[in-house]
Amino acid sequence: MAGTASPPISPSFEVTNPRTGAVLYTVDEPGPDDLAAVYSRARKGFERLRAMTIAERLREVGKLKTYIQEHKETIVQRIVDETGKPRIEALMTEIFPTLDLIQYYEKSAVKILRDQKMPTPLVMMGKKSKIYYEPLGPVLIISPWNYPFNLSMTPIITAIIAGNSVIAKPSEHTPLRGLIEEIMEGAGFPSEFIQVVYGAKETGKALIDHQPAKVFFTGSEAAGRAIMTQSAQYLIPVELELGGKDPMVVFDDVTLPRAVQGALWGGITNCGQTCTSVERILVHAPVVDAFIDQLKTAIEGLNTRDGHEDTAQDKSLDVGCMTADFQVAKVEAQLADAVAKGAVVHCGGKRSDDSNAFPPTLVSNVDPSMDIYSEETFGPVVTVVPFTDEAEAVKLANDGRYGLSASVWSADEERADRVARNIVTGNVSINNVLATQGNSALPFGGTKSSGMGRYKGPHGLYAFSNVKSILIDKNSDKKEPIWYPYTEEKYGLISALIDASIQGGLGGFLKTAKIGKKLEKFTKT
Ligand code: NAD
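Just so it is clear, the model here is predicted, and its values are computed rather than measured.

Mapped onto the elements, isoleucine 180 comes out in helix α6 (residues 179-187). Sequence-wise, isoleucine 180 and isoleucine 68 are 112 residues apart; in three dimensions their C-alpha atoms are separated by 9.8 Å. Sequence-distant contacts of isoleucine 180, that is, excluding residues within four places in its chain, are made with Ser152, Met153, Ile156, Ile194 and Val196.

An order of β3-β4-β20 is seen for the 3 strands of this open sheet, with the pairing classed as antiparallel. Every other strand in the sheet has two partners, leaving β3 (116-118) and β20 (465-472) as the edge strands with one partner each. Neighbour-to-neighbour, the strand axes of the sheet open up by a mean angle of 30°, direction not taken into account. Across 3 bridges, β3 lies against strand β4 (residues 128-135) in antiparallel orientation. Bridge assignment links glutamine 116 to a residue of β4, and that residue is isoleucine 131.

Let us now look at the nonpolar core. Counting residues in each nonpolar core, the largest one holds 61 residues, and the members touching the most others are Phe149 and Ile161. Core analysis: the next-biggest nonpolar cluster, separate from the first, contains 56 residues, Cys271, Leu335, Met370 and Ala406 among them.

This next bit is on the side chain of lysine 214. Locating lysine 214 in the fold gives a position in the loop between α7 (201-209) and β8 (215-218). What makes lysine 214 buried here is its relative accessible area of 7%. Among the polar contacts listed, one links the side chain of lysine 214 to the side chain of glutamate 239, at a separation of 3.4 Å. Aside from chain neighbours lying at most four places away, what touches lysine 214 is Leu136, Pro138, Val139, Leu140, Ile236, Pro237, Val238, Glu239, Ala463 and Phe464.

Looking now at the environment of isoleucine 502. Relative to the elements of secondary structure, isoleucine 502 occurs in helix α16 (residues 488-503). Its relative accessible area of 67% is what places isoleucine 502 among the exposed residues.

By the definition in use, this model includes 9 aromatic pairs. Ring geometry for phenylalanine 189 against phenylalanine 193: centres 5.7 Å apart, planes inclined by 85°, an arrangement best described as edge-to-face. Overall, the relative accessible area of 1% leaves phenylalanine 193 in the buried class. Ring plane angle 65° and centroid distance 4.9 Å describe the contact between phenylalanine 216 and tyrosine 455, whose orientation is recorded as edge-to-face. With a gap of 239 residues between them, phenylalanine 216 in strand β8 and tyrosine 455 in the loop between β19 (451-452) and α15 (457-463) connect regions that are remote in the sequence. Residues phenylalanine 216 and tyrosine 455 agree in their burial class; the two are buried. Above the face of the phenylalanine 464 ring, lysine 214 is positioned so that its terminal group lies 5.5 Å from the ring centre. One Lys or Arg, arginine 415, reaches over the ring of phenylalanine 251 and ends 4.0 Å from the middle of that ring.

Rules behind the numbers
Residues numbered from 1 in each chain as written. Predicted model: local features only at pLDDT ≥ 70, side-chain atom pairs only at ≥ 80, totals over all residues. Heavy atoms only, no water. Helix = DSSP H or I, 4+ residues; strand = E, 2+ residues; numbered from the N terminus. Contact = heavy atoms within 4.5 Å. Pairing = 2+ DSSP bridges. Axes fitted to C-alpha atoms, helices over the stretch in contact; angles between N-to-C directions. Core = buried A, V, L, I, M, F, W, Y, C linked by side-chain atoms within 4.5 Å. Buried < 20%, exposed > 50% of the residue type's maximum accessible area, 1.4 Å probe, protein only. Polar contact = N/O pair within 3.5 Å; in protein donor to acceptor, adjacent residues only side chain to side chain. Phe/Tyr/Trp six-rings, centres within 6.5 Å; stacked < 30°, edge-to-face > 60°. Lys NZ or Arg CZ within 6 Å of the ring centre and 35° of its normal.

Purely geometric numbers; function is a separate question.
See the structure below:
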C-alpha cells in the first residue's frame, strides 16, 4: 500500500508551551515519499535486530538507559515545556518508569524470551515440543500527549528487546521533536532501530496504510476504534491502551487520612490527565461526609499556580496546568452539565483566568444523567458517590463502559481481595492508587472500552512476539499410524486409544502403551 498513503491535511503545525502559550517550534508533516523511506529503513533495521541475540539487544538498550539517566534534567525540561506538568512528575512518572523497565528486562528478558520446552503427550511418544518467541517485524507505536516520554519509550523499548524495529508517532501536542533521536545519537544506539515520525492523525493513518507488523496504540477510545477499523482492512494486529473512568472503593474500616491522601494524589497527579487517574471515589456511607471534608481540605492545601508564568523551575509545584486547550473546554462542559443537573462543587470548578491552570475540583451529588458520571474526565476533577454495602460498591465500580484500573481500600484484606476480583478491570491496587503500573513486572492493559492487550512484564515481550510452536520428530523409515490408509481395524484401535489416554493414571498409561504397540503395524512405509 506504500504510495497510496493519503497526504497530510495541513503541511505543518505549531507546538506550544501550554503554560506560557509560547510557540516552541513548528513541525512539518512528512509526505508520502518520506513515509516510504521510513518503512524501507525500518525493514533494514528489523533484519539487523532479528539476527541479534536478546543479550545483544539488551546491551544496545542499556546504552539508552545510561544516556537517559545521565541527561535526565535536560529530558525533564523538554517534557515540562511541552506538557506543563510539575518537574517532579516528569522525573517520577516519565523518566523513572522508563529506566526501571529497562532494568527489569535486563534482569528478565533472556529468560522470558528463551526457547521454552513444553510437555509432549504419551500418544506422541518420542517427539519433542517447544515454543520459540520470534520478532514480528517493523511495528508502529502511536502515543498520546499526557506522558509523552514514558508512553512512547515503554512500548518502544519492549518492542526492540523482542527484536522488532520501531516507527514511533508521538502526539502532535507534545512531539518532543528530536529528543529520542538525540538520545539514540548520544548513546550510540543504531538509528535504524527507532524512527520517529512527527505528524497528526492523518500521518498516523498513512503510517498504518504501510502495513506495519503490529500497531501499538495509546490514546482515546474514539481514535482506538478508528485505528482498529483501519488495521482490520489489512488484518494488522492491534493493541489498544485507551481511556478509563477508574473507581476507588473506600470501606469504612480504613485509616481515612491515608485513603484521603491516596484519592488526592490519584485524582490530581498530572493534573488528572492520567488514563488510570482516580475519577469516581465510591465511599462507604458511614464515612462519606468525613471523607469529603478531609479531601476538600487536602485539595485546598495543594500548591497550585494560576496564570501564564513559566513554572518549569518550581520543584515544589504540586499541580501543573492542563496540556491541551480542547481538554480544558471538555472538562468545563462536563462540570457545567453536572452543576445544571444538581451536582455540588465543593472546591475548584472554575479557572481564575484564561490559562490552562484548571483548579483541582471535588464534586458530589452526581448521578448517571450527567456526563461527568460516565465519561472520562481528563482533568483534575474527582467525584464522590456513597455506597451502603459491598455488593453495591462492586455494582457501582462496574457501572460504566471502561475497565482500565481501580483501587480498593479496606483494613479487611479478604474483603478487599474479593472486591478486587469482582471488579471487571485490568489492574487493581489494594490500599494504594496507581500502584500496579509502578511495577514493571506487572502487565498493564484494559478491559471493556479501555482496550485490549497487555504490555510490560513478561506479557509485554510476548505482545511483540510471534509465538511459534515447534514439534520435533526423528528422521525414520516409519510412518505415523494415523496416516493413510484408514481401515476398520485402525478405527477400533484409535477409538480404544482415545479412551485409554483420557482415562489417565497408571491404568490409562499401560493401556495406551499396549494399544500403541498394536498400532505399530500401521507404521510400515
Ligand atoms: P488521541 O486518541 O487523540 O491521540 C493519541 C495519538 O493517536 C496521537 O498521536 C494522535 O495523533 C493519534 N491519532 C489520533 N487519531 C488517529 C487515527 N485515526 N489514526 C492514527 N493515529 C491517530 O489521544 P490523546 O488525546 O493524545 O490522549 C488522551 C487519551 O489517551 C485519553 O483517553 C487517555 O485515557 C488515553 N490514555 C490511555 C493510556 C493507557 O495506557 N490505557 C495511557 C495514557 C492515555
